[in-house]
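Now for the letters of each chain:
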Amino acid sequence: MSFRTSPRRLRRSVAGFTLIAALGLSACGGGSGEEGGAAPRPTSLAITTSDAGEDRFATKAPASIKGGLVKIVFKNASKAPHEAQLIRLDGDHTVQEAIKAIDSEEARTPEWLHGAGGVGTIAPGQQGVTFTNLPAGRYAVIDVASGEGEGPPPVSRGALAEFEVTPGKPGELPAAGARIVAKDKGEHGNAGEGQDAEDHEHSFEVTGLKPGKNTVLFDNRSDELHHALLAPIIGDTTLEQVKEALASEEQPSGPPPVDFENTLTTAVLDGQTKEVTELALKPGRYALLCFISDRDGGKPHFAEGMLREVMVR
Ligand SMILES: [Cu+2]
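Residues numbered from 1 in each chain as written. Predicted model: local features only at pLDDT ≥ 70, side-chain atom pairs only at ≥ 80, totals over all residues. Heavy atoms only, no water.

Participant: Give a description of the sheet that holds strand E17 (residues 307-312) that names residues and reports values.
Facilitator: Across the sheet, four strands lie side by side as E14-E13-E16-E17; this open sheet has antiparallel pairing. Two strands lie at the open edges of the sheet, namely strand E14 (264-265) and E17, each paired on one side alone. Relative to E14, strand E13 (residues 229-232) is paired through two bridges, and the arrangement is antiparallel. Among the inter-strand pairings, Leu-229 is bridged to a residue of E14, identified as Thr-265. Against the sheet, helix H3 (residues 239-247) makes contact with strand E16 (284-289) and E17, and its axis sits at roughly 130 degrees relative to E17, the strand it touches most. (Pairing = 2+ DSSP bridges. Helix = DSSP H or I, 4+ residues; strand = E, 2+ residues; numbered from the N terminus. Contact = heavy atoms within 4.5 Å. Axes fitted to C-alpha atoms, helices over the stretch in contact; angles between N-to-C directions.)

Participant: Tell me about the nonpolar core, and name the residues and values.
Facilitator: Counting residues in each nonpolar core, the largest one holds 23 residues, and the members touching the most others are Ile-180, Phe-204, Leu-209, Leu-230 and Leu-288. Only strand E10 (178-184), strand E11 (202-207), strand E12 (212-220), strand E15 (273-281), E16 and E17 provide two or more residues apiece to this core. Sorting elements by how many residues they give to this core places E10 first, with three residues. In this structure, Leu-288 is in contact with Ile-180, Phe-204, Val-206, Ala-228, Leu-229, Leu-230, Met-306, Leu-307, Arg-308 and Val-310, ignoring residues within four places of it in sequence. (Core = buried A, V, L, I, M, F, W, Y, C linked by side-chain atoms within 4.5 Å. Buried < 20%, exposed > 50% of the residue type's maximum accessible area, 1.4 Å probe, protein only.)

Participant: Break down the coordination of the copper ion for me, citing the residues and quoting the values.
Facilitator: Coordination of the copper ion by the protein involves His-226 (ND1), Cys-290 (SG) and His-301 (ND1), with metal-donor separations of 2.0 Å. Along the chain, the residues donating to the copper ion are arranged with the sequence spacing H-x63-C-x10-H. With a gap of 75 residues between them, His-226 in the loop between E12 and E13 and His-301 in the loop between E16 and E17 connect regions that are remote in the sequence. (Donors = N, O, S within 2.8 Å, 3.2 Å for Na, K, Ca; no water.)

Participant: Explain the sheet that holds E12 to me, and be specific about the residues and the numbers.
Facilitator: Spatial strand order, E2-E1-E4-E7-E15-E12-E10-E11: eight strands in an open sheet with mixed pairing. Lying at the two open borders of the sheet, with one neighbouring strand each, are strand E2 (57-60) and E11. Direction aside, the axes of adjacent strands within the sheet are offset by 20 degrees on average. Bridge analysis of strand E7 (residues 127-134) against E15 gives two bridges, and the strand direction is antiparallel. In the sheet register, Thr-132 faces E15, and the bridge partner there is Glu-275.

Written out as structure tokens, the structure reads:
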């Protein structure tokens, strides 16, 4: 499963449920705190995904942009949900190799493949904005997460564009009202309140999420790839029940534990990188989790400490 955001896994876990992904990020982008006079102006990276007939898509991005501080503006002009996941490729590795690695059942992610952030899945007609710093290199924007059913992911059906990033000046990310931090075991405060630290190879720290549109700093201080999924918990389902359902390889019988139609997610970020993105939340209980595994494989991170409840009110 490497760093594919595993809707298939979700689907296996929650039979009869379609991951229609995030109805989310509001259409107005930008403006989220570009104050602070001396700050360098971010380079704009405009990405659009639209329908191309017969279950195919087309993703457009500029052929080359200046790196450093970048403002990614992703417009979903398709009738299906899409994400704009940025990846960076080392050496001579190709996007096709990357897709193969991401879409394989193996949980490993090769060292030459980097999660460079982006905009998590948004609904048709929506626009999402993310700020991050991009080092120079060869990039692609792909959609591996938004596919429905068991068919090939959208990236294999045209939701893909390659581009080059030239060296630019890194800058401060805009201010964010909320913060989600991914950490590795051993870092201060890692174990989480009242949880035993045994299985906690990684953990989330979260502050400031509120109902409505949130500007969120996703700060990956871990050495591994992570994303942050926020799935509304249904009814009185406990976090333990959510965990069981996610971990189960069997078709579950009862009602689904979380509302995947309204799940919000960030893009996948390499270790030691960060981005500021937008997440529109309704009041209620959410499961905050990560489906990615370590680069060398193993369990998805929700089974290694990255699953916790967040109350939004
Ligand atoms: Cu993770």
